[in-house]
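These are the residues of each chain, in order.
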Amino acid sequence: MLLDVVILPSAKLRRKLGRKIKKAVNSIPHVFVVDNKKLIPHLSLYHIRTTKVRFDKLVELVHEIIKSYKPFKLKSKGEQTFPSGIVYYSIYKPAVLQRLHREVVDKCRILKTGPVPWNHARRPTKQETHYFKKYGSRLLLKFFKPHFTMVKLKNLDNGTKVIRKMKLGKFGFLADTVAICEVNNWLQVTKILKTFKLRAQ
């Protein structure tokens, strides 16, 4: 199973993001678009390859982790691009988000059964290779960059055009739901399997 422990934005925000990116991309050539239909907007905490046999244990671990967290606010930095053609909304990472990320990675990595897919033409760096061996993933710890992936373009030259049309300004939202989700080989959420509500202490 390819899974992702995520912070799930509200259904209302997911719908808004999906409508915005679908309209912005329109007929521009792309590999995928996170339109809240086939692919669901999310903020990744830890991608993990595991087995169905270990899923219940993962649920148990995440449930225990979130008990010590209450809902917290997150804010976007605006729209940005990765060299790989990804256009995304970047999210600030307050201390509470970094702590949650580290705890999920540290406690859940024992359930990994191998690395998640590597979707880049370049070879992984020495640090990325170390993370793949130890955690089965690379977008964590030093490389943790919270964001909502919205589209992967076939030509990054179209990135400016998409960003101009998808602008939402610097929006904020309440992080009150953690979820375990199924992802595809692009590590994009295809199905929400289990949700956990953060409760006010």
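Since the structure is predicted, the reported quantities are computational estimates derived from the model, not experimental observations. (Residues numbered from 1 in each chain as written. Predicted model: local features only at pLDDT ≥ 70, side-chain atom pairs only at ≥ 80, totals over all residues. Heavy atoms only, no water.)

## Concerning the packing of helix 2 (residues 52-66) against helix 3 (residues 95-108)
Link 1 in the chain: At a minimum axis separation of 10 Å, helix 2 and helix 3 run at an interaxial angle of 145 degrees. Judged by the sense of rotation from one axis to the other, the crossing of helix 2 with helix 3 is right-handed. When helix 2 is examined against helix 3, the residues L58, L61, V62 and I65 are found in contact with a partner set consisting of L100, E103, V104, K107 and C108.
Link 2 in the chain: For the contact of helix 2 with helix 3, a count of residues per class yields seven nonpolar, no polar and two charged. (Axes fitted to C-alpha atoms, helices over the stretch in contact; angles between N-to-C directions. Helix = DSSP H or I, 4+ residues; strand = E, 2+ residues; numbered from the N terminus. Left-handed = near helix turned anticlockwise from the far one by under 90°. Contact = heavy atoms within 4.5 Å. Nonpolar A, V, L, I, M, F, W, Y, C, P; charged D, E, K, R; others polar.)

## Structural notes on helix 5 (residues 159-166)
Link 1 in the chain: All of the buried residues along helix 5 are G159, V162, I163 and M166. Here the buried residues of helix 5 occupy an arc of 100 degrees about the axis, which is enough to place them on one side. Exposed side chains of helix 5 directed beyond 90 degrees from the buried face belong to T160 and R164.
Link 2 in the chain: Buried residues in helix 5 make contact with helix 1 (11-25), strand 4 (72-81), strand 5 (86-91) and strand 6 (147-153). (Buried < 20%, exposed > 50% of the residue type's maximum accessible area, 1.4 Å probe, protein only. Arc of directions from axis to C-beta.)

## Let's talk about the sheet that holds strand 7 (residues 172-175)
Link 1 in the chain: A sheet is described by the order of its strands in space; here five strands give the open sequence 2-6-5-4-7, paired in antiparallel fashion. In this open sheet, the two edge strands, each paired with only one partner strand, are strand 2 (30-33) and strand 7. Pairs of neighbouring strands in the sheet enclose a mean axial angle of 30 degrees, with direction left out of account.
Link 2 in the chain: Helix 1 rests against strand 2, strand 5, strand 6 and strand 7 of the sheet, and its axis sits at about 25 degrees to strand 6. (Pairing = 2+ DSSP bridges.)

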